[in-house]
Amino acid sequence: MNDNEKKELFQKAITLHQDGNLHEADKIYMAVLSTDKNNFAANYLHGCILLDRDQLQESIKYLELAVKLQPDNFEVNNALGIAFKNLGNLSDSEKHFRKSILIDDKNYQAYFNCANVYADMLDFKSAIKYFELTLMHNKNFAEAKQRLGEVYQEMFKVDRNKEHLTKAISYFDSIFEDGLSFTVSSFHTSNTLISLGLSYLWLENIDKANEYFKKLNIQNNNDESYSKKYIEEHLSNKESMETIITHEFEQLTHIDEDIDEIRNPKFTKEYYHELKKLYDKIKDNSFSESDVSNDTKIQMTKILYNKAPKIKSENLINEENDVSKLESQYLEKSPEVLVIDNFLTSEALHEIQKFCRNANIFKYPYTNGYVGAFLTKGLSNKFILKLSEDLRYTYSKIFKEMRLSQAWIYKYDSTKKGINIHADPAGINVNFWVTPNEGNLNPNDGGLKVWNKFPPKEWDFDEYNTDVEKMKKFLSENRSKELTIPYKENRAVIFNSKLFHSTDTFTFNDSYIHKRINITFLYE
């Protein structure tokens, strides 16, 4: 292959690459490398395609060949920095990003990439310096402002200095005040609204936190791209569609029967009748994915009713319990597991039960047929935020300076199983249960299993959260002990979040109002 032929081939490959036809472009890069293994461009571009495919080790192999050929090339050093960072090799990632900066000290992306490495290293001082350098070279790069705010949030988690949150808020606010837009696909204004909501919550300003979570809910409900992504992720297979349709129809039927005197739910007769047709097909096993129109899918993404529970007392937590005694029990136990009965005030319990029955926020289906709602996806409201704060104030010796980091509610299919064994990445886990006792057909089970073992420190998130067989093997080999806590209305279980735990087997009435409900707050 002569030089002119190579040039023509490369021009064709680059056109294919730019058009997103990576497979055909890569064929040409590999063809060039088969006759010229030291071709810089082919090594670099093939390495980039491998990087896009997340084939990190192979990518590094070709990119390192390219950097040997052109040590002072900005693009290849930057690509190597990304590959090493994604592989978790932060020291080599830093080396190549720093080299990129030496090559082109005006390039804001090099500073940004380097700053993210320092953030991963928990070197917050260096991360802040390099994010600020990013903004010095591109003051309108919204991603740097978002990341700066997030670093200050992380600093707050370390030393609880509220000044860090004030700085974080100033960076998040400036994104909106300056009318900036994100250019990197993994960033979105919804992340900024979440960051603002959490920052104000951690500053104990519930009203401001609620304001931003409300904005988030409105934005998501009106965002076409959000609906499209939701449909791709949650309405793309038969099982998840059946789970969502079943809950949606049963919930809207409950609302329509006016048992809880719900006014002005935003669903039409046409939508309800369409759901009924689909529900009937699910029940007689004739349902197929093609039965659901795209218009119906879009409607299913919308939150049609979401009125917050009423706050009827100064403290939503039941203070008639012997709080001091319960705190001592938790702190003296090893591992830390505490059961609290009559957890909420009777008024708060009634309000949250009504909310769980009627809030049209349970939009996230899971394999075992249960549906979820999350803090940042419709669940947040003034009642929930106040409840999270009332809890940590009331049991202050347990929670100390911890703050709410995530919350969810799961509703279970009474004919299927619950959540498998896992651990959560937080400090304290609070599970509490609100289904009326008459719904639980076996009061001796249905709650939570907690094991007295923590995951090994070297395990990553997938190993301790999703790799069930590995977790079971670990617990078996380490002679772990299992504590079973039966389900009971208005009972809470507070425990170290890193302990392995799972849903116990359960037998609940199959009616809509008696579905097993589990509410979880994570604190860190």
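Bear in mind the structure is a predicted one, so any value in this text is a computation, not a measurement.

Time to look at the sheet that holds strand β2 (residues 364-365). On the basis of which strands lie adjacent, the open sheet formed by seven strands has the order β1-β8-β5-β10-β4-β3-β2 and antiparallel pairing. Two strands in the sheet have a free side with no partner beyond their single neighbour: β1 (337-340) and β2.

The strand order across the open sheet formed by three strands is β7-β6-β9, and the pairing between neighbours is antiparallel. Each of the sheet's edge strands pairs with one partner strand only, and the pair in question is β7 (482-485) and β9 (501-503). Mean inter-strand twist for the sheet, computed between neighbouring axes without regard to direction, equals 20°.

Before going further, it helps to spend a moment on the layout of surface pockets. Reported here for the largest pocket is a volume of approximately 660 Å³. Taken together, 33 residues form the lining of the largest pocket, with Trp408, Tyr410, His422, Asp424 and Asn465 sitting closest to its centre. For the lining of the largest pocket, the elements supplying multiple residues, two or more each, are β4 (404-411), β5 (428-433), α22 (461-465), β9 and β10 (517-523). The element best represented in the lining of the largest pocket is β4, accounting for four residues. Here the lining of the largest pocket is composed, by residue class, of 13 nonpolar, 17 polar and three charged.

Each packed pair of helices is defined by two parameters, the angle between the axes and the distance between the axes. Contact pair helix α5 (residues 74-87) / helix α6 (residues 90-103): the axes reach a minimum separation of 8 Å and the direction vectors enclose 160°. The pairing of α5 with α6 is recorded here as roughly antiparallel in orientation. For the pair α5 and α6, the sense of crossing is left-handed. Touching Phe74, Asn77, Asn78, Leu80, Gly81, Ile82, Phe84 and Lys85 of α5 are Leu90, Asp92, Ser93, His96, Phe97, Lys99, Ser100 and Ile103, all from α6. Looking at side-chain class alone, the contact of α5 with α6 contains seven nonpolar, six polar and three charged residues.

Another point: the side chain of Lys297. Along the chain, the position of Lys297 falls in helix α16 (residues 294-301). Once residues within four sequence positions are removed from consideration, Lys297 is found in contact with Ile231, Leu235, Met241 and Val292.

Another point: the packing of helix α10 (residues 162-177) against helix α11 (residues 189-202). Two numbers describe how α10 lies on α11: the axes approach to 10 Å, and their chain directions differ by 150°. On the basis of their axis angle, the class for α10 and α11 is roughly antiparallel. For α10 against α11, the interelement crossing comes out left-handed. Every residue of α11 that contacts α10 at Leu165, Ala168, Ile169, Phe172, Asp173, Ile175 and Phe176 is listed here: Thr189, Thr192, Leu193, Ser195, Leu196, Ser199, Tyr200 and Trp202. Looking at the contact of α10 with α11, its residues break down into 10 nonpolar, four polar and one charged.

What follows is about the nonpolar core. Ranked by internal contacts, the top residues of the largest apolar core, which has 132 residues, are Ile352, Val430, Phe432 and Phe521. With eight residues, the single largest contributor to this core is helix α7 (residues 108-120). The contact partners of Phe521, leaving out residues within four places of it in the chain, are Ile384, Leu387, Ser388, Leu391, Leu404, Gln406, Ala407, Ile428, Asn429, Val430 and Phe432.

Our next topic: α7. The first and last C-alpha atoms of α7 sit 19 Å apart over 13 residues, in line with the 18 Å expected at 1.5 Å per residue. Taken across its 13 residues, α7 has 10 buried, putting it largely inside the fold. Here α7 has its buried residues at Ala110, Tyr111, Phe112, Asn113, Cys114, Ala115, Asn116, Val117, Tyr118 and Ala119. The elements touched by buried residues of α7 are α5, α6, α8 (124-137) and α9 (142-159). A side-chain oxygen of the first residue of α7 lies 2.9 Å from the backbone nitrogen of Gln109; this N-cap is Asn107. After α7 finishes, the residue Leu122 shows a positive phi value of roughly 65°.

This paragraph deals with the side chain of Thr435. Its location among the elements puts Thr435 in the loop between β5 and β6 (448-451). For Thr435, a relative accessible area of 2% corresponds to the buried category. Those residues in contact with Thr435 that lie beyond four places of it in its chain are Tyr487, Glu489, Phe508, His514, Lys515, Arg516 and Ile517.

Summarising burial for strand β8 (residues 491-496): six of the six residues are buried, a large majority. As judged from the four bridges shared by β1 and β8, these two strands associate in the antiparallel manner. Across the sheet, the residue bridging to Val339 is Val493, located in β8. Summarising the sheet, β5 and β8 pair through six bridges and their orientation is antiparallel. Within the sheet, the bridge partner assigned to Asn431 lies in β8 and is Val493.

We now examine helix α12 (residues 206-221). In a regular helix each residue adds 1.5 Å, so 16 residues correspond to 22 Å; α12 covers 22 Å between its end C-alpha atoms and thus fits that length. Elements that come into contact with the buried residues of α12 comprise α10, α11, α13 (224-234), α19 (375-379) and α20 (382-394).

What follows concerns empty space enclosed by the protein. If you roll a probe as big as a water molecule over the atoms, it shows you where there is empty space left. Within this structure, the stated rule accounts for one cavity of 30 Å³ or more. Each pocket or cavity is described by its volume, and for the largest cavity that value is around 100 Å³. If you trace the largest cavity, you find it lined by Asn217, Asn220, Asn221, Tyr226, Tyr230, Thr301, Ile303, Ile361, Lys363, Tyr364, Lys377 and Gly378. Looking at the lining of the largest cavity, the elements with two or more residues in it are α12, α13 and α19. With three residues, the top contributor of residues to the lining of the largest cavity is α12. Class assignment for the residues of the lining of the largest cavity results in five nonpolar, five polar and two charged.

Cut-off values and rules
Residues numbered from 1 in each chain as written. Predicted model: local features only at pLDDT ≥ 70, side-chain atom pairs only at ≥ 80, totals over all residues. Heavy atoms only, no water. Pairing = 2+ DSSP bridges. Helix = DSSP H or I, 4+ residues; strand = E, 2+ residues; numbered from the N terminus. Axes fitted to C-alpha atoms, helices over the stretch in contact; angles between N-to-C directions. 1 Å grid on protein atoms, 1.4 Å probe; cavity = no way out; pocket = protein on both sides within 12 Å on 5 of 7 lines; lining within 4 Å. Points joined across faces, edges and corners; volume = space filled by probe spheres on them. Nonpolar A, V, L, I, M, F, W, Y, C, P; charged D, E, K, R; others polar. Parallel < 35°, antiparallel > 145°, perpendicular 65-115°, else oblique. Left-handed = near helix turned anticlockwise from the far one by under 90°. Contact = heavy atoms within 4.5 Å. Core = buried A, V, L, I, M, F, W, Y, C linked by side-chain atoms within 4.5 Å. Buried < 20%, exposed > 50% of the residue type's maximum accessible area, 1.4 Å probe, protein only. Expected span 1.5 Å × (residues − 1). Polar contact = N/O pair within 3.5 Å; in protein donor to acceptor, adjacent residues only side chain to side chain.

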